[in-house]
Amino acid sequence: MIEPSLDVIRNCFEGVVPAILATCDGDGVPNVSLVSQVHYVDCERVALSYQFFNKTRRNILSTGMASVSVMDPETVTDYRLDLFYEETQSEGPLFEIMKAKLAGIASHSGMEGVFQLLGADIFHVRSVSVASGPVTAPPDAPRNLLSAVRRSWHELGEARELGALFDRTLDCLGRYFSIEHAIILVRDGTAERLYTVASMGYARSGIGSEIALGHGVIGVAAREGVPIRIGHMSADYSYGATLRDQALDHGLGAPEATQIPYPGLPAPESQIAVPVMVGGRTAGVLFAESPEPMRFRYDDEDALSLVAARLGELMGSGLEAVGAEPGPSRPSVAAAQAIHIRHYAADNSVFVDHDYLIKGVAGAIFWKLVAEYDLTGRTEFTNRELRLDPALRLPEFAENLEARLVLLQRRLCERDCPIRLEKAGRGRLRLCVPGTLSLEDIPVAGGKLTA
Amino acid sequence: MPRADQPSSPSEELAERRGWKGETLANGVLTTELAEFCQSGISVVLASCDGGGRPVVARGLACRIDADGRVRVMLREEPNLPFLKAIAAGASVAATFTKPHSHRSIQLKGTHAEIFRPAPLDGPAAFMQTSAFRDELVSVGHSEAFSAGYTHFEPHELAAIEFLPESAFVQTPGPSAGSALAP
């Protein structure tokens, strides 16, 4: 048992103060350097960033021993750790966590392009001792995270439908964690991307906006299935750059008509993305950000991971998308208006009265509903028939349909679309069409978007 | 870690040393410019090796370099007792000097070091250099409280070690970091 336990000195491992790393070669010749990152792995292990093959690296591989001094930036307590080398990981979750953090440290210290992670060197910590300090008392905690998790845990359990669960989660982040900007994204299992289903604290909701797997902290958290956070924004993880790159990847000079803008802050400093696991796979991401640097620490990561675990548990419990809880109020619309709907089969994008609504699976669902209504006058549909419809090509997991229905319902409200989706009983939806439809289906061959 | 507006690079350091035409100290290991850099009020960190072959880390406060190039590093005794014990047992020493603003960093190594009680000039030098270092930490974004705590010492805590550097290396992050500084 190491004392003090590493999990109570995690402030030392945030990269605020460089650590000192000492090694020796086989002849006892010492080497000492500053290192930008010592990462907390668990109560008995830390990882150092391996960035260059140098004397330190040779010594570690030769003797397996290192000694580091880390400092708590708030109490100015100097801890000395004796380390024994275990292994190097050059890919995978731990590597990605450290890569994101190092990118933030590099950005903050003007060393972007110089600090590059080649590997995560994992060490067993043989001993921890206090060399000096504390010099100052630790600052009062701004909030009690354990209590915040407990209250959120309880409140999320009260949600009776999926859309309300998303909203309650964001509400809890705001009230109990003082988080002002947050997004919930659901993974699109068929297309290797995530789409926004709820957001808080932005000028525009961004509902329906997409992030590719592996892009930015959200995409990396989803791909690796681990929380990713960054305390100082780096160009490598910025969504401004990400979205530009995506556009360039697709040969696009300007955003497509069907691209919903990502809602994020224009100049975030701190970001955290926590995977939402359902049945052992990543079903979504809970994301929060702040213009304040170093806003999210190890303890915030633990707390938000528990909220995300609760969210995942409830997402997998069979909640329906459209429920009895009060949703957004319906806009007043003129009765019996003509509503024009155009559907592009190429990507299932749907335009209502020439305004882009949605694409992908949610677009296909909407098109199925309005086409059926137009053909037969039917207004009620069961979730089961949507789930089983081979034309919709829904992935096998139930929450995929429900999350898409949340997305569709929210886009309809947000776009002030006269057509609405309502609950018509357990497992049933009602399509409300206050007018006459005029449908236009653009088949794949002529389906190139020009709007 | 603080921001470097214009980070230094290892290749610049190596080129400057190769092109150095001025006076040198410690049998050519140090240029007078490097000696000045080490005494300018920057980060000083130390390492040695204990009897079991394990590395021992230490934090220095300041340094004085005499006309022969002997490097005297002042440090707090109590927090660095394992290091001082290793030095007393005759182990080698490494000292790395780093300026946060530019990340410029050099390492000096010596095979023998001696431990001294503080000399009359050590206290004032440590006070001046830690004050300069504190100001630098604040200027690169650390809080006043942290910067003061990081550089704090009491005069009665001081000890000093002295060694003649036998080799110098560039430690500034980047390609060629760790290369020997030589003419």
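Computed from a predicted structure; not experimentally measured.

Caption draft 1: Quick look at the overall build of chain B. When you go through chain B residue by residue, the secondary structure sums to five helices and ten strands. Computed over its C-alpha atoms, the radius of gyration of chain B comes to 16 Å, within 12% of the 16 Å expected for a compact globule of 183 residues. Along the first, second and third principal axes, the C-alpha set of chain B runs to 40 × 40 × 35 Å. Classification of the 183 residues of chain B by burial places 56% in the buried group.

Caption draft 2: Broad picture of the overall build of chain A. A tally of helices and strands in chain A yields ten helices and 20 strands. Residues classed as buried in chain A amount to 49% of the 451 residues present. The contacts of chain A with a sequence gap of at least 6 include a subset with a gap of at least 24, amounting to 69%.

Caption draft 3: Spatial organisation of the interface of chain A and chain B. Contact residues are listed per partner, giving 39 residues for chain A and 40 residues for chain B. Those elements that place two or more of their residues in the side of chain A that touches chain B are strand E1 (19-24), strand E2 (30-35), helix H1 (55-63), strand E5 (65-71), strand E6 (78-89), helix H2 (93-108) and strand E7 (119-132) of chain A. Here the side of chain A that touches chain B is composed, by residue class, of 20 nonpolar, 15 polar and four charged.

Caption draft 4: Structural context of the sheet that holds strand E18 (residues 420-423) of chain A. Residues and elements named next belong to chain A. Spatially, three strands are ordered E17-E19-E18 in an open sheet, and the strand pairing comes out antiparallel. One side of each edge strand has no neighbouring strand; the edge strands of this open sheet are strand E17 (380-382) and E18. For this sheet, the mean angle separating the axes of adjacent strands, direction not counted, is 30°. As paired elements, E18 and strand E19 (residues 428-432) share four bridges and run antiparallel to each other. Across the sheet, residue Glu422 finds its bridge partner in E19, namely Arg430.

Caption draft 5: The arrangement of helix H4 (residues 122-139) of chain B in detail. Residue and element names in this part refer to chain B. Taking 1.5 Å as the rise per residue, H4 with 18 residues should run 26 Å; its terminal C-alpha atoms sit 25 Å apart, in good agreement. The set of residues buried in H4 consists of Asp122, Ala125, Ala126, Gln129, Thr130, Phe133, Arg134, Glu136 and Leu137. Axial view of H4: buried residues confined to an arc of 160°, hence all on one face. Of the surrounding elements, those touching the buried residues of H4 are strand E3 (43-49), strand E4 (55-65), strand E5 (71-76), helix H5 (144-150) and strand E9 (158-163). A positive phi of about 115° marks Gly141, the residue just after H4.

Caption draft 6: Spatial organisation of the packing of helix H4 (residues 162-177) of chain A against helix H7 (residues 298-315) of chain A. Residues and elements named next belong to chain A. Packing of H4 against H7 brings their axes to within 11 Å, and their N-to-C directions diverge by 170°. When the axis of H4 is compared with that of H7, the two are roughly antiparallel. Within the contact between the two elements, H4 uses Leu162, Leu165, Thr169 and Cys172 and H7 uses Val307, Leu311, Leu314 and Met315.

Caption draft 7: Structural detail: the sheet that holds E3 of chain B. All names here are of chain B. Spatial strand order, E8-E9-E5-E4-E3-E6-E7-E10: eight strands in an open sheet with antiparallel pairing. Edge positions in the open sheet fall to strand E8 (113-116) and strand E10 (167-170), since each of these has one partner strand only. Across this sheet, the average inter-strand angle for adjacent strands is 30°, counted without regard to direction. Alignment of E3 against E4, held across five bridges, turns out to be antiparallel. Opposite Cys49, over in E4, you have Pro55 as the bridge partner.

Caption draft 8: Spotlight on the nonpolar core. Of all hydrophobic cores here, the largest spans 177 residues; its most connected members are Leu185, Val197 and Val285 of chain A together with Leu46 of chain B. With nine residues, H4 of chain A is the single largest residue contributor to this core. Leaving out residues up to four positions away in the same chain, Leu46 of chain B has contacts with Val32 of chain A together with Ala58, Gly60, Val73, Leu75, Phe83, Val93, Ala94 and Ala95 of chain B.

Reading the values: the criteria
Once a new chain begins, its residue numbering starts again from 1 and follows that chain's sequence as written. Working convention: letters from A go to chains and numbers from 1 go to ligands, in the order in which they are written. pLDDT decides what is reported in this predicted model: residues at 70 or higher carry local features, side-chain atom pairs at 80 or more are listed and counted, and totals for whole chains, interfaces and linings draw on all residues regardless. A helix here means a DSSP run of H or I that spans at least four residues, while a strand means a run of E at least two residues long, and both kinds are numbered starting from the N terminus. Here the radius of gyration uses the C-alpha set of atoms, whereas the globule reference equals 2.2 Å times the residue count to the power 0.38. Around each residue's C-beta, the other C-beta atoms within 10 Å are counted; 20 or more make the residue buried, 12 or fewer make it exposed, and counts in between make it partly exposed. All C-beta atoms are placed from the backbone. Any pair of residues counts as being in contact when their C-beta atoms, constructed from backbone geometry, are within 7 Å of one another. Side-chain classes follow a simple rule in which Ala, Val, Leu, Ile, Met, Phe, Trp, Tyr, Cys and Pro form the nonpolar group, Asp, Glu, Lys and Arg form the charged group, and the remainder, Gly included, forms the polar group. Paired strands, in this sense, are two strands between which DSSP finds at least two bridges. Every axis in this analysis is a line fitted to C-alpha atoms, fitted for helices over the stretch in contact. Angles between the N-to-C directions lie between 0 and 180 degrees. Helix span, as expected, comes to 1.5 Å for every residue beyond the first. Throughout, the arc means that of the directions going from the helix axis to the C-beta atoms. Here the word oblique covers every angle except those under 35 degrees (roughly parallel), over 145 (roughly antiparallel) and from 65 to 115 (roughly perpendicular). Joined through C-beta atoms within 7 Å, a set of buried Ala, Val, Leu, Ile, Met, Phe, Trp, Tyr and Cys residues constitutes a nonpolar core.

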